[in-house]
Structures are given as structure tokens and as C-alpha cells.
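Tertiary structure, described
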Amino acid sequence: MSNRKDNNEDDEKIILESDLYDRQYLDDDHMKENKVPSSSKSKKKKKLKKKKKKNLLFFLKWFTILCVLSLFLIGVVGAGFAYSWINDSEGLDLSKFEYIEPSSVLDKNGDFDQELQGKEKREIIDIDEIPDMVKNAFIDIEDERFYTHSGIDIRGLFRAGVGIVTSQSLSGPGGSTITQQLVKLTHLSSEKKVERKVVEMYLAMQLERQFTKDQILEAYLNKVGFANAWGIQAASKVYFDKSVDELSVSQAAVLASIIKSPTHYKPYITEEVEEGVYAIKKDDDGVIVHNENNKNRALAVVQKMKELGHITDEEFDTATEELKNNDFALQVPPNAEIYSFFTDELYIKILDDLMISENFSFDTREDAENYLLNSGLKIHSTKDPNVQNVLDEKFNDDSLFPKQSNTAKRASEALTKELGQEVNLLPEAAMTVIDNSNGHVVGMIGGRNKEKSRSLNRATQKFQVGSSTKPLTVYAPGLETKKITLATTYDDVPIQIGSWKPTNAGGYNGMTTLREGLRKSTNTLAVQSWMDIGLQDTIKYGELLGLEFVKEDEQASSLALGGYTYGQSTVAMASAFSTFASEGTRNEPILYTHIEDRDGNIVLENKQEKIRVFSEQTAFLITDVLKTAVRGGTTSLSVPNMQIAGKTGTTNNHMHAYFTGYTPYYTAAVWYGYDQNKVKVGGKEYNLNIGLSGGSRPIGPAPMWQAVMRDIHKGLKSKNLPGKPGGIVTASIDRVSGKLPTEFTSRDPRGSTIISEMFISGTVPTEHDDFHVELTLCTVSGKLATEFCPHDTVETTVRFIKPDNRFPSGVRPVNPNYVPKSESGVFVPGSQNLEQCDIHSANSVMNIQIFKDNSPISSLSLNEGESTTIQIRGSTINNKNVNNLKDLNVSSNNKNVTVTAKGNDTYTITAVSGGNSTVTAKFAFTDKISYSASISVTINKSEPEPEPQPTPTPQPEDPVSIEPETNNGNKEKEKSNKEKEPE
């Protein structure tokens, strides 16, 4: 003990009196050099031992000095580096503690609809909502002295330092506190460098001065990643399908184990089930196999929780048992939710608006997209869940769609063979519903199936709309510019514009009003109207309606008949037609009203444009016609207790079918067709047609519209479409000329053509009907009668004559003399310079007679077997006889007589048997006109010869009584003879 004390004293001397020791060592050396003698051997040994001790102390002294100096130098250098690193760092940025949180879409009622898929699936939760048991699971395994340190855990750092020295590597545990981990997550990279560690410790200490422990822990638990989720609340729902406040101890331990290394410690094992296809591994019973790495760490978590007194022995035993037996209800993570068609389009629209908004300045669209997805925005959409649910339900009903065509089947088989993967080309459809009151898109569906987000959205794709365009780009612009009225008439006959010959689907009807032309969707009338209205006005109003055109669309086939280069979308068509339901005003269609940040501040407001397109009068007149179009015009539809109006559309060869209609509440557009109309495979082309018209029933766009509208209007108050506004007048007009009627208008042979029509004030015709005229006609030739026409073929009647200039400039009839069936016998073809009858002349046969012996006869009487000769002669209007008639036929009505031609209009009549007969001569004057004459012939029967009577033989034995012959006896004899005559 005394030696130790002495040594300790010596050590203190070394530390505190180095100069003295230096001198002492110098004195010892001096004595040695001068060889001072010793008094005894023991003294020498003792002196030698003491010398060795002093040498050791000398070494230790300098070693310590060098170490201190080295540490000092290292400290100075290290401090310099640390200062430089810290000075170069960006410092603590509290804004970086804002979480990346997915943005959410809300429906029109403010209820959650769908979550946008951002970088990190996260659901923010307050620290007060996280149970202490769950908090302790993370603190105990990650940072057990969390509540006592100031951002850095010295003991943890020492343990990490020892690990680095012993392992000769920086890859070991870093001794980071939860505060340090949070700093690394928000400010630094994951690279393992001393520089990063120094800055991390500095920022952690700074953070501890800014945040409370609960704030730090809340930020950490909401920020940290869990492989398939970010933040404790999202992880609870992904792995266990429950909220964090429902977690058990074992489940909390499983989650706490993941964050050390999510890839290594995630609870699942992923395996490749087939080439390129991966799935979560399950045992033979279908139970998810628990990853051993996670299990072992979770067991360590519960062990630590028990050691620190944060769970009871019973809770420890239960959790341990559950973890060892894989009995903690691990769930398969839900598949990423597929965006609806509505969300797909909403996503695009918001990005477009962010890029042009004055409130933002994104360099790229990707920057705007990152902001949209990861800023925890609340997007207030216009989606009506009731409407959308109906759309989803109806489009899932295969009975509302046509079956796949045979051509589509063959094309699918060919594509499947060529591509080596299954291809199935099916009939498709799309529909958009807009609220008339505000232009909000309340429902949208872009196809019959959806397999991934941001896929083909047929509701926003452009397809051919056919005749659905007519009210938009022909009739409404024409009424608005007062270039046409609903009473304007055009000749519905085959027409030609250059080499183009537009045709109708249902034949031709001659002079027709535009009201009827729109109701029945007559192509020739739409084309002629468009030619009169002009390109400039149709383009102008089409664009105001929200339609899109290209240069190639500037022609009648596109703007009058809907054969656009690219077509129009259901969104555009629904928006355009909603103009009529809104009395001529169109609200730009929108899918969201505004967007809020996570704090409830409005960051983007969707200011809607309201456009006056047409006058109330024009909108009313179009609606008045379209109400009849759906009641027997081109289809027949109804929605209980609601007025409806709409227009069908069908393209050539039934490639596409369209219907757009509206009620007082909603406007909806429906498209049916194939995604591709022409498919080329192996040098062969397949033409795919939907095979329906817009108004086809019971399957097609119109029935789909009706099915959806009936359901979404349930419970809505009965309502009518907008009524007649001021500025509308009614007048009687002639439906043939489109002008004011005259005395002849009501005498049209088909019945009066006077109708009542509505007009915008100032557009009532001022000219009178100049089509109907009174004529004296020959009914045989159809031309003006002459003095040679038989009186019974002459009539004074009303006909109508079509002016030669009735067609718009550039339009001509294919056949100028074409007479539609509906005008047959009423319309007089040709110009107003009518020709006179060229059938009847001074020498024309007007009648025929039958002669015998140069005298006209009306009857004959012949005996059986007797013959006679007759002649047939014609007569003119001047009663001049005409012989040698051509196309003459003489015949009997039965076999009692025979008629034999002898030539030169002479015929032999022979009586065959008794009775009566009629002989008729018929002369064919024209193909349609003939004259005839008849005589009646009586055939007398010949008297038969009386039969000889046998002489009776007298009987001698009988007495004979002879009585004189009397008149009575003669009468009896006559009677007896008569009874024997043949019948």
C-alpha cells in the first residue's frame, strides 16, 4: 500500500512538478558519471531499482505530454473541420419538417373521395392520438434516453465509437438519437461520413432548442418510412388494417422493427411466382410468412420494453407468443388505389392550372406534379357521388352494350397471334354528366373497365359525333344570325356539291321546313342550311360552345354532318348542349372549385368563365325542336316528371354512335364505338363498326342516357325546361315555301300546308307563298290541258312548282326532275314555263266503239253455234273514226263465246253454249291510260227433236174404252212431253 502511495505521490510530482523532476534526473546522471561509491551492495541494488522507476516515470511523463498534445492538436484540427462543415451546412430549416403528405380529392359534399398517389403514402396524426405503448416501442429500441438527452446521447456515441474502432468500418450502428434521425430524414443524406455525422449532431442540438420532445417525436413518427407506408398511422393501416390506437404490443413491436432498415426488416417476404411477377410469400394455409429479420428484432423490442418497465410480464409473454407463432394478424397491403376516370382528368386539369397560375412559378411540369401529389392538398372536386355511382353501375351492366362483332373477334384473334399476348377488342363507351346550373362536371366515365391510373379516358378522347353537331354548328348559329328560321324550307332531294353527294339515312321528302329537318335529322337540309349560313359564323359559335376544330374541319361534311377530323369529346359535347338548357349561356366545365393546403388556406381557386353564346330566343327555339326529336324524331326517350331534349348522332357505316341530351337539371353526352375502327394485322385490314345508330333501341347511346338520367333524377322535383321568353312571336306559314300562305296554300291536294311556327321577333317572312299555283291539267300527261284533252281527263287544281333558284349557291340537284314519293302528283317538275299536254292531239283516240255492219252496237243475240263479225273503231275529240288501232285487245268474260281476230280491227264472235257473255275491247292509249268498250251477247239454245212414241199392242181379252180426244187430253199430252225435255 505504502509503495502505491509513494508511486501515486511520484505520479503527482510528475504531473505537477515536471521541472523539478527534470533536474532530479539530471542530478542522478551527474552522480553516475562521476562514479560516486556506494557504502554497501544493498544500497547499490536499491539505487538501481530506484533508477529504473524514475526512467519509467520519465517515459510516462513524455508519453502523456505527447498524447495530450496530440489530442489537443486533433481537437483543434477536428474543431476546425467541424466548424467548417457546420458553417457550410444550410442550417436548421423548420419548413423541412413539413411532411410529404398525399393530396386528397373531396367530392362536391366535402367528403373524401380518393387519394392522389404521391411519393410517400402518409396520414398525419397528432402525438396525443398515439398511445404511450406505441411511443415506447419506438423510443425503447431506438433511443431509450430520448427524454433525458439534449439531442446527442454521449453513451450511445461512445458505444458507436467503440464499434467503429473494433470493426474498422463506419457501417456499424451510428448511435443516433431519434432527434438525430429526424434531422437526417429532413435535412441530410444517408451517406455514412464523419462530416454528415457532425452536422447531424449540431442540427439535432439546435432542434432540441426549437421543438419540445413531443413535437420531435410526433414529427419523427409521422415522417419515418415503413417500406410500404410513411408515418405510423399509414403503416398501421397498411400492415394491420387498423388505426394506431388499436395496435397490440406485438403489432407495435413489428412496426418499430421496420424503421431500422425497411428493406431488410419489413415483415413480408417477397418471392417471384413467375417470371417478372412477384407476390408476398404465404404458407400452405395461406398465412403470410413472417420475415425472420423482423421477428427477431420485434422480439428484441418487446424484451427492451419489459426491461424498461413499459409493459408488464403478462403483456411481454403475450406479445412474445404472438410473434413466435406468427399470430399477430399481419395483413396483405392493399393495392395502390386506381384513379377513377374523373380523377384522371382532374389530375390533368389541376396540373394545367398550376402551370399558368400567377400564384405559382414552377420551372417544369414535374415540379408542379410533385407539389400536387406531395403537399397534403385538399382538392374540392365537383363530383357528385350519386351521379358517379349510377354511371359506374350502368357501365358495369353488359346488357346495355352490344356484343362484340364478328369482325372484332377475328381482328382480336389475329392480334393475339401476332403479338403473343391476349388482345380482345370490345365495344366501348364513355359518358359525361354536367350540372346545368353551374357547369360542374358531376360525373364522368371513360370506359367499361379500368385497370390502372391515368389510363385511356374515352370521356375526354375525341370521337366522331355525327348529326349531334347539327344544332350546335348549323341551326343555332343560323337562328342567332337570323339567316334562317325554323320555317325556312329546303328541297330534300339528292344534291351535289362539287363531287360530294351527301345522302340521307331515310330517303327524301322534298320541300321541308328546318324544324322538321332538325327533328328528323335530315342531312340534305343541314348541308344546304350550312351553305347559306356560312363558314365564319359556324366556326365562331362552335368555338364559343367549347368545340375544337382544325383547318380540315372547315367544310360542310364536318360542320354540318359531324364528320370532324378528330371529333369532339363527351365533355365538350355535354358542355355545348348545356347552353340550350341554360337559356343560351354556357358555363365553362370544371372538375374542381378550389384547392386548400393542409392548413385550410385556399392556394388555387378555379374561377369559372360564363359565356353568353346565344340569345334566350335561339336557345328556346332549339330546345323546342329537340324536345320533339326524342319523342319520335330519331329516337323515343323519357325521364319521369321531367322535360327532356336531345340529339342523336351516327357516323358513316355505323362506326360511332352518339347521343347528347338534357333535362332541367343535367346535360349528358354518350359515345359508343370501338377504340380503333381500322385494325391492320398481317397485311389484312379489319373495319370495326359499332353497328348502332345514336337512337338505336334497346341498346345504344340513347338508352344508356335514359337509364342513367332516370336514376339520377329520382327524388328530384318535377321541372320543365326553360319556357318561352319574350321576343318570340307566332305566325302561320306555308310549310312548302316557308312563306306566308295564300288562297292556294290550303288547297294543296295532300291537304292544307298551312302550319303555325314560332319566330324570333323581326324574322317572320314577309313574302307570300309562290310555290302553290292553280292549274288546268290533263290528268293523263300531267301537263297543261289543251282543247284536245278529253273532258274527263281535265281538272282545275292546285299544284306547286319549285323555283329553279331554290338551292343555295354551290348546291345543285343530282336529278332536276326528281320527284320524292311524298310529292308525287302534287309537285310539277320543271320550270314555271310548263309544257302543254303532248299526249292528246286532234288525231288522238279519245274513245272506241264496237261496230257490226258499220253500225255501232251494244248487244248481240246468237244461237248456239252461230258466228258473226264485229269491228273496233276509235274516235277523236271531233268524232272522227280511227281504224287500225294498235295495242287492241278483245276478249270474252266466259266460255259461252269465243273471240277470234281476223285483222284490221275485225273480230269473229262464235256462240258456243247458251247463256250470256260480255265481249270487251280494250285499247291501250298510253302505259297508264286505256279506253274500252263492251257489248253483251245472248246465246240462244237450240230446240231438241221430239222422240218417236211406240205403238201399243191391244189385249183382246181386255175391254177397250175409246174416248174422244179433247183439249184436256191435248194439254195432258203437252204436259207429259214437257216433263221429258232435258234440263
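The coordinates are above.
Since the model is a prediction, treat every value here as computed from it, not as a measurement.

1. Structural notes on the layout of surface pockets
- In this structure, the second largest pocket spans a volume of roughly 1,200 Å³.
- Lining the second largest pocket we find 48 residues, and of these Asn504, Ala505, Ser521, Thr522 and Asn523 sit closest to its centre.
- If you list the elements that add at least two residues to the lining of the second largest pocket, you get strand S10 (510-513), helix H19 (514-519), strand S15 (645-650) and strand S21 (754-760).
- The element best represented in the lining of the second largest pocket is S15, accounting for 4 residues.
- Broken down by class, the residue content of the lining of the second largest pocket amounts to 9 nonpolar, 29 polar and 10 charged.
- Composition of the lining of the second largest pocket by domain shows at least three residues from each of domain 2 (429-591 + 606-713) and domain 3 (728-823).

2. Description of unusual backbone geometry
- The linkage connecting Arg697 with the following residue, Pro698, adopts the cis geometry, with an omega of 5°.
- Backbone geometry at Asn854 places phi at a positive 65°, although glycine is not the residue there.
- Note on placement: Asn854 falls in the loop between strand S25 (847-852) and strand S26 (855-856).
- In the Ramachandran plot, Asp887 falls in the positive-phi region, its phi being about 55° despite a non-glycine side chain.
- Locating Asp887 in the fold gives a position in the loop between strand S29 (881-882) and strand S30 (888-892).

3. As for empty space enclosed by the protein
- The tally for this structure, following the rule as stated, stands at 2 cavities of 30 Å³ or more.
- In this model, the largest cavity occupies a volume close to 50 Å³.
- Looking at the largest cavity, the residues that line it are Phe580, Glu583, Glu616, Ala619, Phe620, Thr623, Pro722, Gly723 and Pro725.
- It is helix H24 (residues 616-629) that provides the largest number of residues to the lining of the largest cavity, a total of 4 residues.
- Grouping the constituent residues of the lining of the largest cavity by class yields 5 nonpolar, 2 polar and 2 charged.
- Of the voids in this model, the second largest cavity is the one considered here, and its volume is about 40 Å³.

4. Details of the side chain of Lys627
- On the secondary structure map, Lys627 appears in helix H24.
- Buried within the structure, Lys627 lacks any salt-bridge partner; Asp624 is the closest side chain of opposite charge, at an N-O distance of 4.2 Å.

5. Side note on the side chain of Asp748
- You can see Asp748 is positioned in the loop between strand S20 (728-734) and S21.
- Setting aside residues up to four positions removed in sequence, Asp748 forms contacts with Val736, Thr753, His772, Val798, Phe800 and Val826.

6. Focus: the packing of helix H4 (residues 132-142) against helix H8 (residues 213-223)
- Look at H4 against H8: their axes get within 12 Å of each other, and the N-to-C directions meet at 95°. When the axis of H4 is compared with that of H8, the two are roughly perpendicular. From H4, Lys135, Phe138, Ile139 and Glu142 reach across to H8, where they touch Leu217, Tyr220 and Leu221.
- When grouped by side-chain class, the residues that make up the contact of H4 with H8 number 5 nonpolar, no polar and 2 charged.

7. Topic: helix H18 (residues 470-480)
- For H18, a buried count of 11 out of 11 residues is recorded, marking the element as mostly surrounded by other parts of the structure.
- For H18, the set of buried residues is Lys470, Pro471, Leu472, Thr473, Val474, Tyr475, Ala476, Pro477, Gly478, Leu479 and Glu480.
- After H18 finishes, the residue Lys482 shows a positive phi value of roughly 60°.

Cut-offs applied
- What you see as residue numbers is a count from 1 along each chain, following the sequence as written.
- The model is predicted, so local features are restricted to residues of pLDDT at least 70 and side-chain atom pairs to those at 80 or more, both for listing and for counting; the totals for chains, interfaces and linings are taken over all residues.
- Hydrogens and water are ignored here; the side-chain numbers use all heavy atoms of the structure.
- Residues are said to line a cavity or pocket when one of their atoms sits within 4 Å of a point; the points come from a 1 Å grid over protein atoms alone, cavities being sets where a 1.4 Å probe fits but cannot get out and pockets being open sets with protein on both sides within 12 Å along at least five of seven lines.
- Grid points are joined across faces, edges and corners, and a volume is the space filled by probe spheres set on the points.
- Runs of E in the DSSP output that reach at least two residues are strands. Runs of H or I that reach at least four are helices, and both are numbered from the N terminus.
- When residues are grouped by polarity, Ala, Val, Leu, Ile, Met, Phe, Trp, Tyr, Cys and Pro land in nonpolar, Asp, Glu, Lys and Arg in charged, and all others, Gly among them, in polar.
- Domain delimitation in this document rests on an assignment produced automatically or drawn from a domain database.
- Only protein chains enter the accessibility calculation, which uses a 1.4 Å probe. A residue is then buried if its area is under 20% of the maximum for its type, exposed if over 50%, and partly exposed in between.
- His is not counted, nor are the chain ends, whereas Lys and Arg count as positive and Asp and Glu as negative.
- One speaks of a salt bridge when a side-chain nitrogen belonging to Lys or Arg is within 4 Å of a carboxyl oxygen belonging to Asp or Glu.
- Any two residues having at least one pair of non-hydrogen atoms within 4.5 Å are treated as being in contact.
- Lines fitted to the C-alpha atoms define the axes, with helices restricted to the stretch that makes contact. Angles between their N-to-C directions range from 0 to 180 degrees.
- Any angle that falls under 35 degrees is termed roughly parallel, while one over 145 is termed roughly antiparallel, one within 65 to 115 roughly perpendicular, and all others oblique.

Keep in mind these values describe shape, not function.
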